[in-house]
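Per-entry structural report
If you want the building blocks of each chain, they are given just below.
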Amino acid sequence: MGQGRMADYSEFASARAGYLYRSACLLTAGDTHLAEDLVQETLGRVYVRWGRIARVGNPAGYAQTVLTRAFLAHQRRRSSTERSTAVFPDLPGGGDGDPSLRLTLLDALARLPAKDRAVIVLRYWEDRSVEETADAMNVSSAAVRTRCVRALARLRELLGEDLGEYARS
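Described in the following lines is the structure provided in the data block. (Residues numbered from 1 in each chain as written. Predicted model: local features only at pLDDT ≥ 70, side-chain atom pairs only at ≥ 80, totals over all residues. Heavy atoms only, no water.)

**Focus on the packing of helix 4 (residues 59–76) against helix 6 (residues 114–125)**
For the pair helix 4 and helix 6, the least separation of the axes is 10 Å and the interaxial angle reads 165°. With respect to each other, helix 4 and helix 6 are oriented roughly antiparallel. The handedness of the crossing between helix 4 and helix 6 is right-handed. Across from Gln 64, Thr 68, Phe 71, Leu 72 and Gln 75 in helix 4, the residues of helix 6 making contact are Ala 114, Lys 115, Arg 117, Ala 118 and Leu 122. (Axes fitted to C-alpha atoms, helices over the stretch in contact; angles between N-to-C directions. Helix = DSSP H or I, 4+ residues; strand = E, 2+ residues; numbered from the N terminus. Parallel < 35°, antiparallel > 145°, perpendicular 65-115°, else oblique. Left-handed = near helix turned anticlockwise from the far one by under 90°. Contact = heavy atoms within 4.5 Å.)

**Regarding helix 7 (residues 130–137)**
Among all positions in helix 7, only Val 130, Thr 133, Ala 134, Ala 136 and Met 137 are buried. All buried residues of helix 7 project into a common sector of 165° when viewed along the axis, lining one side. Phi turns positive one or two residues past the end of helix 7, at Asn 138, with a value near 65°. (Buried < 20%, exposed > 50% of the residue type's maximum accessible area, 1.4 Å probe, protein only. Arc of directions from axis to C-beta.)

**Quick word on unusual backbone geometry**
At Ala 29, a position not held by glycine, the phi torsion is positive, near 55°. Along the chain, the position of Ala 29 falls in the loop between helix 1 (3–27) and helix 2 (32–48). Even without a glycine there, the phi angle at Asp 127 is positive, about 60°. Looking at the secondary structure, you find Asp 127 in the loop between helix 6 and helix 7.

**Section: the pattern of salt bridges**
Considering all chains together, one arrives at 4 salt bridges under this definition. Close ionic contact of Glu 41 with Arg 45 constitutes a salt bridge, the shortest N to O distance being 2.4 Å. Of this pair, Glu 41 and Arg 45 both sit in helix 2, 4 residues apart, which is roughly one turn of the helix. Residue classification places Arg 45 among the partly exposed positions, given a relative accessible area of 36%. (Salt bridge = Lys/Arg side-chain N within 4 Å of Asp/Glu carboxyl O.)

**As for the nonpolar core**
In terms of nonpolar packing, the biggest core is built from 41 residues, with Val 46, Phe 71, Leu 109, Val 119 and Ile 120 touching the most fellow members. When contributions to this core are tallied by element, the ones reaching two or more residues are helix 1, helix 2, helix 3 (50–56), helix 4, helix 5 (99–110), helix 6, helix 7 and helix 8 (141–159). Tallying contributions element by element places helix 1 first for this core, with 8 residues. (Core = buried A, V, L, I, M, F, W, Y, C linked by side-chain atoms within 4.5 Å.)

Written out as structure tokens, the structure is:
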């Protein structure tokens, strides 16, 4: 890789790493160690294809798709359910917001199946369209809509009917 491309990649990685990490923390329901691993894997894959990705024009979208697919692939592996500790790790974002609310929401996300969690994070945290979410997850738009309905219904069961209370906080 030439010096110009290397500098472009370094700038991209520095600018996007925090954003990817926050998304990964949501996908992993607060498992910061796995989130770091997923971000490293994502940035490694982006690095390998950087010349082509940079020419296409949306490296941030590509990186987010790689992150989501890396998370889903990790969930399919047998060892993905192993946890090294029962202590809940520190959460990203410092002291912003209500810690108990954040823990409640992360706990609810953790109770969702991996694909449901991914669709919730992509659709509502990343604010992606149904089509963009379907492309990132490598499924049909109908599958995304169905998963959204089911995942939101499950979250309502876990959090209670008044989800607006959590959104306002």
